[in-house]
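So the chains spell out like this:
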Amino acid sequence: MNFETRAIHAGQEPDALTGAVNVPIYQTSTYVQDGVGQMRAGYDYARTSNPTRSALQECLASLEGGRYGVAFASGMASIQGVLATFEPGTRVLAMNDVYGGTYRLFEKVLRAQGYRFAYADLTDLDTVERELARGIDLIWVETPTNPSLNVVDIEGIIARKGGAFVAVDNTFATPIYQRPLELGADAVVHSTTKYMGGHSDAVGGAVIVRDPRAHEGMKFVQNSVGAVPGPFDCFLVHRGMRTLHLRMAAHTEAARAVTDWLREAPGVSDVRWPGFAGMVCFRHDDATGIASRTSVFSLAESLGGVESLLEVPQAMTHQSVEDSDAAVPADLVRLSCGIEDPADLVADLAQAMGLPVPA
Ligand SMILES: *Cc1c(COP(=O)(O)O)cnc(C)c1O
């Protein structure tokens, strides 16, 4: 079946008891057993498994072109989950402008546990080759990056990876525009809080893999660490994913209109948009002033919801990377273009910059 059909149907078997067309929210912590060790449908305790979560995981796996999805309580929990399948001493090569939270996890939590991190510009494949020659076990790719929207050539990395495990944070592109597993990556990670859920109403994360051994490892960490999403959040993310294809097309058109206008706007420089999805960034001397004057774009952290959001990363989401390789300029504005009328988004930015609103 094609992507759009799988978005609607993967993991959505009608409920066996009632025929409910949606998988119910199984709000339970445990399941009655018919005898000692005799589970009715393979469910014994809800940290280990839950039918609402299983349905979401199946849909995640299907849309990413993987075989297995493993859902976590947040994007960060899913990133920690991947690293937890490796031992301390593991040598990790990461993009030099990874998401600030990822950088904080690597530097402030995992480094002290013995993991070894190096950062490089993974958009430059010569640099990648040089770094890999020093011995790397895990390559941590994020593309496009948050917030600078740098794009990494995943196939170029795969061609040079040697024996390294390649994990790709696909939060910004989503499987609509990029399916790393199909390009040869070993794992895909999402903050499902963002585009996958798509409505700014749930925090979640996921890891998707193809290899059964990698899946066993991820499932073991999911159950052992216990950073699992609740059934209601699983339901919300899964419900959001059913319209992923429609939403992403609208996000892209909104971002295209905003980018076209920004590129001509006086005072605006370094406009970046990878050509897909709704994330746009630019620089402006009055970044904080603009942030205080928009009304359709809400001033808020996070991204990927149907409503447009705006933030100044250096002061809001990326303080944890200040003075580091991943530092971002203070005059950088990041937009998450929602699915409102693109003309209203352009008009909002124009008035916030004191520029004429296009007719
Ligand atoms: C938000 C984000 C994360 C972290 O996800 P949470 O759900 O907030 O824990 C990781 N990677 C990227 C690219 C993100 O944008």
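Residues numbered from 1 in each chain as written. Predicted model: local features only at pLDDT ≥ 70, side-chain atom pairs only at ≥ 80, totals over all residues. Heavy atoms only, no water.

### So, the site of the ligand
Line of reasoning, step 1. Surrounding the ligand, one finds 15 residues, the nearest of these being Gly75, Asp169, Ser191, Thr193 and Lys194.
Line of reasoning, step 2. Serine 191 is positioned such that a nitrogen or oxygen atom in its side chain is 2.8 Å from an oxygen atom of the ligand.
Line of reasoning, step 3. Burial of the ligand by the surrounding chains reaches 91%, relative to a free accessible area of 380 Å².
Line of reasoning, step 4. Ranked by the residues each element gives to the shell around the ligand, the list is headed by helix H3 (residues 75-84), at 3 residues.
Line of reasoning, step 5. For the shell around the ligand, the class distribution of residues is 5 nonpolar, 7 polar and 3 charged. (Near = heavy atom within 4 Å. Polar contact = N/O pair within 3.5 Å; in protein donor to acceptor, adjacent residues only side chain to side chain. Areas by Shrake-Rupley, 256 points an atom, 1.4 Å probe, with all protein chains shown as cover. Helix = DSSP H or I, 4+ residues; strand = E, 2+ residues; numbered from the N terminus. Nonpolar A, V, L, I, M, F, W, Y, C, P; charged D, E, K, R; others polar.)

### Digging into the sheet that holds strand S6 (residues 138-142)
Line of reasoning, step 1. Here we have 7 strands laid out as an open sheet, ordered S3-S9-S8-S7-S6-S4-S5, and mixed in their pairing. This sheet does not close on itself; its edge strands, each paired only once, are strand S3 (68-72) and strand S5 (116-120). Taking the axes of each pair of neighbouring strands and ignoring which way they run, one obtains an average angle of 20° across the sheet.
Line of reasoning, step 2. The sheet contact formed by strand S8 (residues 187-191) and strand S9 (residues 205-209) spans 5 bridges and is antiparallel. In the sheet register, alanine 187 faces S9, and the bridge partner there is valine 209.
Line of reasoning, step 3. Strands in contact with helix H4 (residues 100-110) are strand S4 (91-95), S5 and S6; relative to S5, the strand with the most contacts, it is inclined by about 150°.
Line of reasoning, step 4. Most of the contacts of helix H8 (residues 212-225) go to S3, to which it runs at about 20°, and overall it touches S3 and S9. (Pairing = 2+ DSSP bridges. Axes fitted to C-alpha atoms, helices over the stretch in contact; angles between N-to-C directions. Contact = heavy atoms within 4.5 Å.)

### With respect to the environment of alanine 202
Line of reasoning, step 1. Mapped onto the elements of the fold, alanine 202 is located in the loop between S8 and S9.
Line of reasoning, step 2. Along the sequence, alanine 202 and methionine 76 sit 126 residues apart, while their C-alpha atoms lie 14 Å from each other.
Line of reasoning, step 3. Those residues in contact with alanine 202 that lie beyond four places of it in its chain are Thr193, Asp233, Leu236 and Val237.

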